[in-house]
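# Summary of structural features
These are the residues of each chain, in order.
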Amino acid sequence: MWNNIYAWLDERLGFNDLYTNLLDRPEPKTSWWNTLGSASLFLFILQGLTGIFLTVYYTPSPDHAYDSITYIMEGVAFGWLIRGIHHWGATLMVLVVFIHMLRVFFTASFKYPRELTWLIGIGLFLTTLGMGFTGYLLPWNQKAYWATTVGTQIAGTVPFIGEFILKVLRGGPELSALTLQRFFAAHIWIIPAILAALIGIHLYLIIKHGESHFPEKED
Amino acid sequence: MNDETKKQINERYERKLEKGERFWPDTIFKDVVMSLGIFVLLLLLATFVGIPAEAKADPSDTSYIPRPEWYFLFLFKFLALYGQLPLIGKIEWLATVLVPTIALGVLTLIPFIEKSPHRHYGKRILPISIMIVMVVGIVLLTLTSEVPTVAEDGSTLLGTLQTISGIVIPTIAYLLLFAFKNNTRFMLWTTGLAAVSMIFLSGTVLALTPEKEAEEVEVATTLTEQITAGQDLYSIHCTECHGDDGSVAIIEGVEGLEGEKITPINSRDVLYTITDASMVELISYGRPNAGMPPYGKTYGGELSKSEIDYITIFMRYSWDDRFEAPVLPELFPPLADGEVPSYDVHIQPIVKRYCISCHRPGKDNNNYLMTTYEEILTTGDHAEFNVIAGNETSYLLQTIQGQPILDENGEEIISIMPPSRLLNENVVDVFMRWIMNGMPQTAADAAALSTP
Ligand code: HEM
């Protein structure tokens, strides 16, 4: 019976095509350095899952953000673990993405035909940093508040439009409830949406071109 | 790149594929092992390192030293060092905008800048050298980010060393690399020397940096901790006017407010009409017209936002009958027969609750400070009489038992302590046993003196 169900579904969904196109592909000999891209992907998914859990209890307002985080740490069963994973996952994701980029650079894997993969990758790197930057403010503690104050200040030094950028980031001249609301929206909707779309294109390109082989003397 | 080269590249890749592996299961297997390893690492970090507690954001606390996320620290350090450069150091946007934009721009467009089709390391010495110097620089700037550019004694030695390692050497290295980009051996030497000297200089800087004591921020997280913290803060700052249970209706013994009629702040009148948010605001701002000073840092007081929150929580759970207080831990563990109390375990919390409000710097107290063990034993106008080991006539013991100290004419020189209300008998008993047994500081010292 299972065979029948499988055959019926395969006829409509094309499991076998998926299998041959996605999984049963030839690859050059790969090394452990090639696992960093998929490790970034894994971290992205893990951040997504733990992040969804955190939004259940988190309140993005200056009056309640700090207390809601305290509640997650003290009151919610295993809240400390989930937040701990999300916290350290963010740090690790920046590291892993950065090292992944370095390895692509050193093996010159960005060269023909993978130039676009690289460009999308730069987008991924910047959005990953953006995730870290916006997420850092959310606990609304001293560290967060002041890190964001100085971080946004730097943006304000851009000649001519600095003032404007500063206002867009902060939603006013100072950090306020608006800033928190804004960073929250960026952190859970806007940037993840961009990140997910870019990852989709990145992965498509990787499957299309296959992973590059490690350069040898003749290359 | 012409079609001939492209064809060569693609053919080579085809040959590599033939000698290669299958994505499933070979490649995936490694990926899964790596991801699992990362997951386990995360579990360990979350469990054993955790997330350090931080106080609530306090926009008024301008004394807080702002620090960005760790992965932006290098940029910050770079800006600080750049600011030290003569002349161009003043033009901020060069460093905040131009340099990062160029670096990022080159990184982004590298597939189009580095046009040669060669991929082997030996044929890419220039880009690889540039990247190595860059990464070494970033790592070192991150590591030295805590080191100040101007030391406390005004010496700029550390700042100069950092500037050399973080800006001067990389700049020279880049210039040399571009000038001799056809000489492989020279480029390798330049990169190697630059990296080694940068590491050496930064290592020296780190070794010369005086060790800074990590400042502990006490953050109360559970409700009981918050109530206790609030109670201690309340005893220190508020009791002189409002009494230790908030019941004072006529202020006594406070200069300038003598006989002032106030609403007892433990009454429903106050607690039911003032919300938490306005209570925090009220304590921050004080009642300057009525004589209550401001406590919030925004208004020149000395309490942070979290601390005022704790006081508010303490007031709610202690006096507001709509709130049920959790069982609070005792101020100090009760003493068994023959047990000797210690400073660390017994005296310190008692003093914090009942004496420090007056016996700290800036208060009227005959210069008798009680904030540390040493101070309790050695300060005060009557230091030699205040605390005498094994002597019941120590001033401290007399005053807390309701006997004021009189001079030879029978004039009172020290009133009873605390001046308004006598301590509970069990608290007096703790002081008595402590002084009669020679004032042990640690629990271990005290245990050695105890008789079972
Ligand atoms: C969220 C961040 C990222 C994810 C999830 C991701 C994912 C991946 C994966 C799964 C691979 C294939 C496995 C591998 O070779 O490691 C890959 C390859 C690649 N990535 Fe990324 N990546 C990310 C960021 C970046 C960045 C920042 C860059 C560079 C700027 C980049 C450039 C590339 C290139 C050029 C390849 C092809 C390498 C080759 O074929 O050897 N990626 N990426």
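Residues numbered from 1 in each chain as written. Chains lettered and ligands numbered in written order. Predicted model: local features only at pLDDT ≥ 70, side-chain atom pairs only at ≥ 80, totals over all residues. Heavy atoms only, no water.

## A few points about the overall build of chain A
The helix and strand tally for chain A stands at nine helices and one strand. N-terminal to C-terminal, the α/β element order of chain A is α-α-β-α-α-α-α-α-α-α. The C-alpha atoms of chain A give a radius of gyration of 21 Å, which is well past the 17 Å a tight globule of 219 residues would have. Taken along the three principal axes of its C-alpha coordinates, chain A extends 55 × 55 × 30 Å. Within chain A, the proportion of its 219 residues that are buried is 53%. Pairs at least 24 apart in sequence give 68% of the contacts found in chain A among residues at least 6 apart. Accessible surface, chain A as shown: approximately 10,700 Å² in total, 72% of it carbon and sulfur. Distance between charge centres in chain A, computed from 13 positive and 15 negative side chains, equals 5 Å. (Helix = DSSP H or I, 4+ residues; strand = E, 2+ residues; numbered from the N terminus. Rg over C-alpha atoms; globule rule 2.2 N^0.38 Å. Buried < 20%, exposed > 50% of the residue type's maximum accessible area, 1.4 Å probe, protein only. Contact = heavy atoms within 4.5 Å. Areas by Shrake-Rupley, 256 points an atom, 1.4 Å probe, with all protein chains shown as cover. Lys, Arg positive; Asp, Glu negative; His and termini not counted. Charge placed at Lys NZ, Arg CZ, Asp CG, Glu CD.)

## Description of helix H3 (residues 35–57) of chain A
For H3 of chain A, with 23 residues, the first-to-last C-alpha span of 34 Å sits near the 33 Å given by 1.5 Å per residue. The set of residues buried in H3 of chain A consists of Thr35, Leu36, Ala39, Ser40, Leu43, Phe44, Leu46, Gln47, Thr50, Gly51 and Leu54 of chain A. Next to the buried residues of H3 of chain A lie helix H4 (65–74), helix H5 (79–106) and helix H9 (177–209) of chain A together with helix H2 (23–49) of chain B. (Expected span 1.5 Å × (residues − 1).)

## Overview of the nonpolar core
Counting residues in each nonpolar core, the largest one holds 40 residues, and the members touching the most others are Leu43, Trp118 and Leu195 of chain A together with Ile38 and Leu42 of chain B. Among the elements of the structure, H3, H5, helix H6 (115–137) and H9 of chain A together with H2, helix H4 (92–113) and helix H5 (125–143) of chain B are those that each provide at least two residues to this core. Beyond its immediate stretch of four places on either side in the chain, Leu195 of chain A contacts Phe44, Met93, Leu124, Thr127, Thr128 and Met131 of chain A. Ile347, Tyr373, Val428 and Met432 of chain B belong to the second-largest nonpolar core, a separate cluster that totals 26 residues. (Core = buried A, V, L, I, M, F, W, Y, C linked by side-chain atoms within 4.5 Å.)

## Quick word on the coordination of the iron atom of the ligand
Residues and elements named next belong to chain A. The coordination sphere of the iron atom of the ligand contains the protein donors His100 (NE2) and His202 (NE2), at a distance range of 2.1 to 2.2 Å. What the six donor atoms of the iron atom of the ligand show is an angle range of 84 to 178 degrees at the metal, which sorts the shape as octahedral. With His100 in helix H5 and His202 in helix H9, this pair connects stretches of sequence that are 102 residues apart. As far as the burial class goes, His100 and His202 line up, both buried. (Donors = N, O, S within 2.8 Å, 3.2 Å for Na, K, Ca; no water. Tetrahedral: all angles 85-135°; square planar, octahedral: opposite > 155°, others 65-115°.)

## Digging into the pattern of salt bridges
All chains considered together, the criterion is met by 19 salt bridges over all chains. In this structure, Glu218 of chain A and Arg12 of chain B form a salt bridge, with 3.6 Å as the shortest nitrogen-oxygen distance. Residue Glu218 of chain A is located in the segment after H9, and its partner Arg12 of chain B is located in helix H1 (residues 3–18); the two belong to separate chains. Judged by its relative accessible area of 53%, Glu218 of chain A falls in the exposed class. In the salt-bridge network here, residues are joined through shared partners; they are Glu216 and Glu218 of chain A together with Arg12 and Lys16 of chain B. (Salt bridge = Lys/Arg side-chain N within 4 Å of Asp/Glu carboxyl O.)

## A word on a negative patch on the surface
All names here are of chain B. Residues Asp3, Glu4, Glu11, Glu14 and Glu18 make up a contiguous surface patch of negative charge. Residue placement: Glu14 occurs in helix H1. With relative accessibility at 44%, the residue Glu14 sits in the partly exposed group. (Patch = residues over 30% accessible without salt bridge, like charges linked within 9 Å, V, L, I, M, F, W, Y side chains within 5 Å.)

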